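Fold and contact review
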Amino acid sequence: MFGSLHRMAGRIRAVFQSNELDRDLRMELEAHIQLLAEEHIRKGASQEEAQRLARIELGGVEQLREAHRDVRALPWLDTLLQDLRFAFRLFRKSPGFTAIAVLTLALGIGASTTIFSWVRSVLLNPLPGVANPERVAALETLAPNGEWLPTSYLDFRDLRDGCKLSEKMSVTKPMDLAVGNEDSFERVWGEAVSGDFFDLLQLKPEIGRFFSREEVDHEQNAHPLVVIGHSYWASHLHSDPQAIGTTLRIGRFPYTIIGVAPATFSGSMAGLSFQMWAQRPCTANWRPQAIRRSLIGNGGPSAFSCALPPG
Amino acid sequence: MENKTEILQGTLDLMVLQALQAMGPLHGYGIARRIEQLSEESLKVNQGTVYLCLVRLLQKKWIKAEWGTSENNRKARFYSISKAGQKQLVQETENWQRLSGTIGRLLQLSGTR
């Protein structure tokens, strides 16, 4: 076992020392021919005749070199390297063709990768990080003609309390938030959520906490609290645990950071990535009738959640 | 030429090991010559194939190789048998004798019928 490994290593080495080993063999064979020739000269052959006879006696040097290579190295690896070198030379010879081929491959691979990542995030794994995504469903209200209808907060409350098919129901609304003060602020995509949003999705915070029992009261404007995404925490707050308890200015209001969502979680909408979750932030200028509803809920007697895309 | 026998696959290894064991370090030419002499020219040895055999034996670490100077003052590679090679030679010799004995008996038997 060990011996065969050793031999294999030797053979692989031999592939890369090919030129050197070839030179050795040529030298060796040359010495052999000269010795043979001298023998023929002693028997009375002329100088040229002796050389000729010696070469015949030894056999084809070129063939021998090939066979020698096959024995000492790995013929397939040797051929592979030759083919690669050949291919590389051809590419160098026709750069136009090479450029087009490389471009075609790059675009093809790029497109497939993009499509796959979309398919994965939208169809295969729409809610990364969520414990039982198959029990979560999205609900939205539609008019009989299929048009998306705005839903008021009061409608949501009625649905939540009256719907027997779902265990829990939460509401979300994507919004772009202006984070920072008047001098320098940044647009961050977040979701306005109701208090039991994380509870429904069965998420555990990376650090800090999510909304507590008392905060799950669906009262408007009651709790200026925010949960931030893992990547926002890393990029803006240097993953500092001390960030919990500090405030962020969102819109014109200070919000207290209470927790960081797990790294895998990116919000309640497939294919989109959100960075902040507030209990319905910016509610000061939030008009219930301007909001469309889409409820995420769980089939069966389990959970129910709902998301409200922008009105 | 017609009366010369082709060398059986694998037996060249044995012959080369034996030659090195008996003669000490030899170069390729010397090994080929030695085998031809011992076989009293009844074996057809393609001298080139000796070198293929030598690589194989080197890989198996049954022989060692060293550059030296030949009798006509040329750079030549000298081969010598290793400890593992000597062990192998003993084993192979036994195998060979057993095999040739068996075949000999077999042929005698079929000859008597």
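Residues numbered from 1 in each chain as written. Chains lettered and ligands numbered in written order. Predicted model: local features only at pLDDT ≥ 70, side-chain atom pairs only at ≥ 80, totals over all residues. Heavy atoms only, no water.

**Describing the overall build of chain A**
For chain A, the count of helices and strands is nine helices and nine strands. The buried share among the 311 residues of chain A stands at 38%. For chain A, the accessible area works out to roughly 17700 Å², and carbon and sulfur atoms hold 59% of it. (Helix = DSSP H or I, 4+ residues; strand = E, 2+ residues; numbered from the N terminus. Buried < 20%, exposed > 50% of the residue type's maximum accessible area, 1.4 Å probe, protein only. Areas by Shrake-Rupley, 256 points an atom, 1.4 Å probe, with all protein chains shown as cover.)

**Observations regarding a nonpolar patch on the surface**
Nonpolar side chains collect at one region of the surface, where Ile115, Phe116, Trp118, Val119, Val122, Leu123 and Leu124 of chain A lie side by side and expose about 720 Å² of accessible area between them. Secondary-structure assignment places Leu123 of chain A in helix H6 (residues 95-124). (Patch = residues over 30% accessible without salt bridge, like charges linked within 9 Å, V, L, I, M, F, W, Y side chains within 5 Å. Salt bridge = Lys/Arg side-chain N within 4 Å of Asp/Glu carboxyl O.)

**Description of the nonpolar core**
Judged by nonpolar contacts, the single largest core of 35 residues is most densely connected at Val16, Leu17, Leu20, Ile31, Leu54, Leu57 and Ile63 of chain B. For this core, the secondary-structure elements that each account for two or more residues are helix H2 (18-42), helix H3 (47-58) and helix H4 (61-72) of chain A together with helix H1 (11-23), helix H2 (28-38), helix H3 (47-59) and strand S5 (75-81) of chain B. The dominant element in this core, judged by the number of residues it contributes, is H3 of chain B, at seven residues. In contact with Val16 of chain B, other than residues within four places in its own chain, are Ile31, Ile35, Cys53, Leu54 and Leu57 of chain B. By size, the runner-up hydrophobic cluster in this structure holds 18 residues, among which are Leu201, Leu225, Ile258 and Phe274 of chain A. (Core = buried A, V, L, I, M, F, W, Y, C linked by side-chain atoms within 4.5 Å. Contact = heavy atoms within 4.5 Å.)

**Considering the interface of chain B and chain A**
Counting from both sides, the interface comprises 24 residues of chain B and, opposite them, 24 residues of chain A. Overall, the association of chain B and chain A removes approximately 2100 Å² of surface from exposure, summing both partners, and the carbon and sulfur fraction of that is 61%. In terms of surface lost to chain A, no three residues of chain B exceed Tyr29, Tyr51 and Gln59 of chain B, which account for 29% of the buried area on that side. Inspection of the region where chain B meets chain A yields two salt bridges. Between chain B and chain A we count eight residue pairs in polar contact (both at pLDDT 80 or more) in total. Of all the secondary-structure elements, those providing two or more residues to the side of chain B that touches chain A are H2, H3 and S5 of chain B. No other element matches the eight residues that H3 of chain B contributes to the side of chain B that touches chain A. Of the residues contributing to the side of chain B that touches chain A, the split by class is eight nonpolar, eight polar and eight charged. (Buried area = accessible area lost by both parts, 1.4 Å probe. Polar contact = N/O pair within 3.5 Å; in protein donor to acceptor, adjacent residues only side chain to side chain. Nonpolar A, V, L, I, M, F, W, Y, C, P; charged D, E, K, R; others polar.)

**Some points on the packing of H2 of chain A against H4 of chain A**
Residue and element names in this part refer to chain A. Interaxial distance between H2 and H4 falls to 11 Å at its minimum, and their mutual angle equals 135°. Between H2 and H4, the angle is such that the two are oblique. Considering only the axes of H2 and H4, their crossing is right-handed. Along its contact with H2, which presents Ser18, Leu21, Asp22, Leu25, Arg26, Leu29 and Ile33, the element H4 presents Val61, Leu64, Arg65, His68, Arg69 and Arg72. Of the residues assigned to the contact of H2 with H4, the class counts are six nonpolar, two polar and five charged. (Axes fitted to C-alpha atoms, helices over the stretch in contact; angles between N-to-C directions. Parallel < 35°, antiparallel > 145°, perpendicular 65-115°, else oblique. Left-handed = near helix turned anticlockwise from the far one by under 90°.)

**Some remarks on the sheet that holds S5 of chain B**
The strands that make up a sheet pair up through hydrogen bonds in the backbone, lying either parallel or antiparallel. As summarised here, the arrangement of the three strands in space is S2-S5-S4 (chain B), forming an open sheet in which the pairing is antiparallel. At either margin of the open sheet sits one strand with a lone partner, and together these are strand S2 (26-27) and strand S4 (63-69) of chain B. Two strands pair when backbone bridges link them, and S4 of chain B and S5 of chain B are joined in this way by seven bridges, in the antiparallel orientation. If you follow Trp67 of chain B over to S5 of chain B, its bridge partner there is Arg77 of chain B. The strands touched by H2 of chain A are S2, S4 and S5 of chain B; relative to S5 of chain B, the strand with the most contacts, the crossing angle is about 95°. Sheet strands touched by H3 of chain B: S4 and S5 of chain B. Its angle to S4 of chain B, the strand with the most contacts, is close to 120°. (Pairing = 2+ DSSP bridges.)

**A word on the side chain of His40 of chain A**
Residues and elements named next belong to chain A. Relative to the helices and strands, His40 resides in helix H2. Owing to a relative accessible area of 13%, His40 belongs among the buried residues under this scheme. Not counting chain neighbours up to four residues away, the residues in contact with His40 comprise Ala45, Ala50, Leu53, Ala54 and Glu57.

**Points about the confidence of the model for chain B**
With 88% of its residues at a pLDDT of 70 or more, chain B shows a mean pLDDT of 83. Under the prediction, the complex receives an ipTM of 0.76, its pTM being 0.47. (pLDDT = per-residue confidence, 0-100.)

**Some details on the environment of Ala243 of chain A**
Residue and element names in this part refer to chain A. Relative to the helices and strands, Ala243 resides in the loop between helix H9 (230-237) and strand S6 (247-250). Residue Ala243 is classed as buried on the basis of its relative accessible area of 5%. Along the chain, Ala243 and Thr256 lie 13 residues apart, while their C-alpha atoms are 9.6 Å from each other. Residues contacting Ala243, with those up to four places away along its chain left out, are Trp233, Leu237 and Ile257.

**Thoughts on the pairing of strand S2 (residues 172-180) of chain A**
All names here are of chain A. Relative to strand S3 (residues 185-193), S2 runs antiparallel, the two being bridged by nine bridges. Looking at the pairing, Lys173 lines up with Ala192 of S3. Linking S2 to S3, which pair antiparallel, is a turn of four residues.

**Quick notes on the pattern of salt bridges**
Under the criterion given, the structure shown has 11 salt bridges over all chains. A salt bridge links Asp176 of chain A to Arg187 of chain A; the shortest N-O distance between them is 2.9 Å. Highlighted residues: Asp176 of chain A in strand S2 and Arg187 of chain A in strand S3, separated in sequence by 11 residues. For Arg187 of chain A, a relative accessible area of 59% gives the class exposed. Salt bridges here are not isolated pairs; linked through shared partners, they connect Glu39, Lys43 and Glu57 of chain A together with Arg33 and Glu36 of chain B.

**Section: the pairing of strand S5 (residues 225-228) of chain A**
Residue and element names in this part refer to chain A. Neither face of S5 is open: one carries Leu225 and Val227, the other Val226 and Ile228, and all of them are buried. In this sheet, strand S8 (residues 276-279) lies alongside S5 in antiparallel orientation, the contact comprising three bridges. For Val227, the partnering residue across the bridge sits in S8 and is Trp277.

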